[in-house]
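Residue strings, one per chain:
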Amino acid sequence: MTSPLESLPLFFVGPVPITSAIVTTWGIMIALALGAYSLTRRLTLVPSKLQAAMELMVSVLDGQIRDTSGAEPAPYRGFIGTLFLFILIANWSSLIPGVEPPTATLETDAALAVLVFVSVIWFGVRSGGVRGYLKSFAAPNVIMVPLNMLETVTRTFSMFVRLFGNVMSGVFVIGIVASLAGLLVPIPLMALDLLTGLVQAYIFAVLAMVFITATVEDGKPTSREAASNSASNAKEL
Amino acid sequence: MDYLSLISIFSAAFAVSFGAIGPALAEGRSVAAAMDAIARQPEAANTISRTLFVGLAMIETTAIYCLVVALLLLFANPLLG
C-alpha cells in the first residue's frame, strides 16, 4: 500500500515533478475561472435562471460571512468565497472515477493554510495599518503577546492538519474497503465522505473569516484612543 | 521483525484507539447539548446547528491528530529509516 503522506510524480516538466494533485488542482482552477468568466459576461437586471442561481449563492455567502463575523461581507467575499468553492469542489472531485481529491495531499492543504496566514496579515495591515496589525497581538493585554504570536503559527498548522486528516482519511478508508469488499460496499462511506467534504470546506472558510475579523477588530483603535486622536486632530485644525 | 517496528505498529493502534475515546465522548455531549437547546428554542436551530458543526469539527481535530501521528508512525517513521 502506498503511503498517504507522500505523492508520486506523474511526469516532469524540466526539473519540476508534477503530481496528479497538481493536475487536478489546475483542472479545478481552470474550470472555476472559466465558469465564473462565462457566467458573468451577460448580467442583466432581470436575471435569467442561471444568473438567479449564482445570485442566490453569492447572497448565501454574504449572509454566512455577516452571521459568523458581523463584518460587512464586501471586502472578504472574493477570498472567502473562492476558498470555500475551491475546497468544496476539490473534496468532491473524488466523485469522478480515477480522480483523487487534491486536498488529500499535504502540499495543497499546506498551501491553503499559508494563504490564510498571509491573508490575515494582509487584511490586518489594510484595515489598521502596520501599527494596528502589530497592536492586534497585544489584545486583550500585553501579557498575551507571546501566546498570540504562538497562536498565529499553531492555528495555521491545525487548519492544515485538520483538512488533510479529514479528506485523506476518507480516501484511505474507501481504498481499504474497496480492496477488501466488492463493488457496492464502499458507497455509504463515499456518501459520508461527501458530507465530510462539505463540512470541512465550510469550516475552513469560517475559520479563515473568524481569524481575519479577529485580527481586524483587535487592530482597530480603542474608543479612548479614537477620542484622543480626534481631539488632537481638532487641536491641529 | 525488530522490536522498533513492533512498538511502532502497537503504538499506532494505541494512538488511534485511545485517541478516539475523548473526542467520541465530547461529540456526544455537544450533540446532546445542542439537541436540548434546539428543543427548548426551535427558532434558533439555524444558529445552533451552525455553531455545533464548527465545534464538532474542532473536537474531531483531536482525533485527526491521533490519526496523523499513527500514520507518521506507520509510513514515515524516522527511527525505522
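As the structure is a prediction and not an experimental result, all values here were calculated from the model.

Topic: the nonpolar core
Here is step 1: Ranked by size, the top nonpolar core spans 33 residues in total, and within it Ile 80, Leu 83, Phe 204, Ala 205, Ala 208, Met 209 and Ile 212 of chain A carry the most contacts.
Here is step 2: If you list the elements that add at least two residues to this core, you get helix 3 (74-92), helix 4 (106-135), helix 5 (145-180) and helix 6 (187-219) of chain A.
Here is step 3: Per element, the largest residue contribution to this core is 10 residues, and it comes from helix 6 of chain A.
Here is step 4: Apart from the residues lying within four places of it in its own chain, the contact partners of Ile 212 of chain A are Tyr 76, Ser 119, Val 120 and Phe 123 of chain A.
Here is step 5: In terms of nonpolar packing, the next biggest core, distinct from the first, is built from nine residues, Ala 12, Ile 64, Ala 70 and Leu 71 of chain B among them.

A word on the interface of chain A and chain B
Here is step 1: Every contact between the two is made by 13 residues of chain A and, on the other side, 11 residues of chain B.
Here is step 2: Among the secondary structure elements, those contributing two or more residues to the side of chain A that touches chain B are helix 5 and helix 6 of chain A.
Here is step 3: Of the residues forming the side of chain A that touches chain B, the biggest block, six residues, is contributed by helix 5 of chain A.
Here is step 4: By residue class, the composition of the side of chain A that touches chain B is six nonpolar, six polar and one charged.

So, the pairing of strand 2 (residues 16-19) of chain A
The two faces of the sheet receive side chains in turn, since in a regular strand these alternate between them.
Residues and elements named next belong to chain A.
Here is step 1: Here strand 1 (residues 9-13) pairs with strand 2 via four bridges, running antiparallel. In the sheet register, Phe 11 faces strand 2, and the bridge partner there is Ile 18.
Here is step 2: Between the end of strand 1 and the start of strand 2, which pair antiparallel, lie two residues, with Gly 14 showing a positive phi angle near 65°.

Quick look at the confidence of the model for chain B
Here is step 1: For chain B, per-residue confidence averages 88 on the pLDDT scale, and residues scoring 70 or more make up 98% of the total.
Here is step 2: Taken over the whole predicted complex, pTM reads 0.84, whereas the ipTM for its chain interfaces reads 0.75.

Structural notes on the packing of helix 6 of chain A against helix 2 (residues 45-75) of chain B
Here is step 1: Orientation of helix 6 of chain A relative to helix 2 of chain B, taken along the N-to-C sense of each, is 95°, at an axis distance of 10 Å. One element, helix 6 of chain A, and the other, helix 2 of chain B, form an angle in the roughly perpendicular class. In this structure, helix 6 of chain A contributes Val 199, Gln 200, Ile 203 and Val 206 of chain A to the contact, and helix 2 of chain B contributes Phe 53, Val 54 and Ala 57 of chain B.
Here is step 2: A class-by-class count of the residues in the contact of helix 6 of chain A with helix 2 of chain B yields six nonpolar, one polar and no charged.

Criteria and cut-off values
Residues numbered from 1 in each chain as written. Chains lettered and ligands numbered in written order. Predicted model: local features only at pLDDT ≥ 70, side-chain atom pairs only at ≥ 80, totals over all residues. Core = buried A, V, L, I, M, F, W, Y, C linked by C-beta atoms within 7 Å. Buried ≥ 20, exposed ≤ 12 C-beta atoms within 10 Å, placed from the backbone. Helix = DSSP H or I, 4+ residues; strand = E, 2+ residues; numbered from the N terminus. Contact = placed C-beta atoms within 7 Å. Nonpolar A, V, L, I, M, F, W, Y, C, P; charged D, E, K, R; others polar. Pairing = 2+ DSSP bridges. pLDDT = per-residue confidence, 0-100. Axes fitted to C-alpha atoms, helices over the stretch in contact; angles between N-to-C directions. Parallel < 35°, antiparallel > 145°, perpendicular 65-115°, else oblique.

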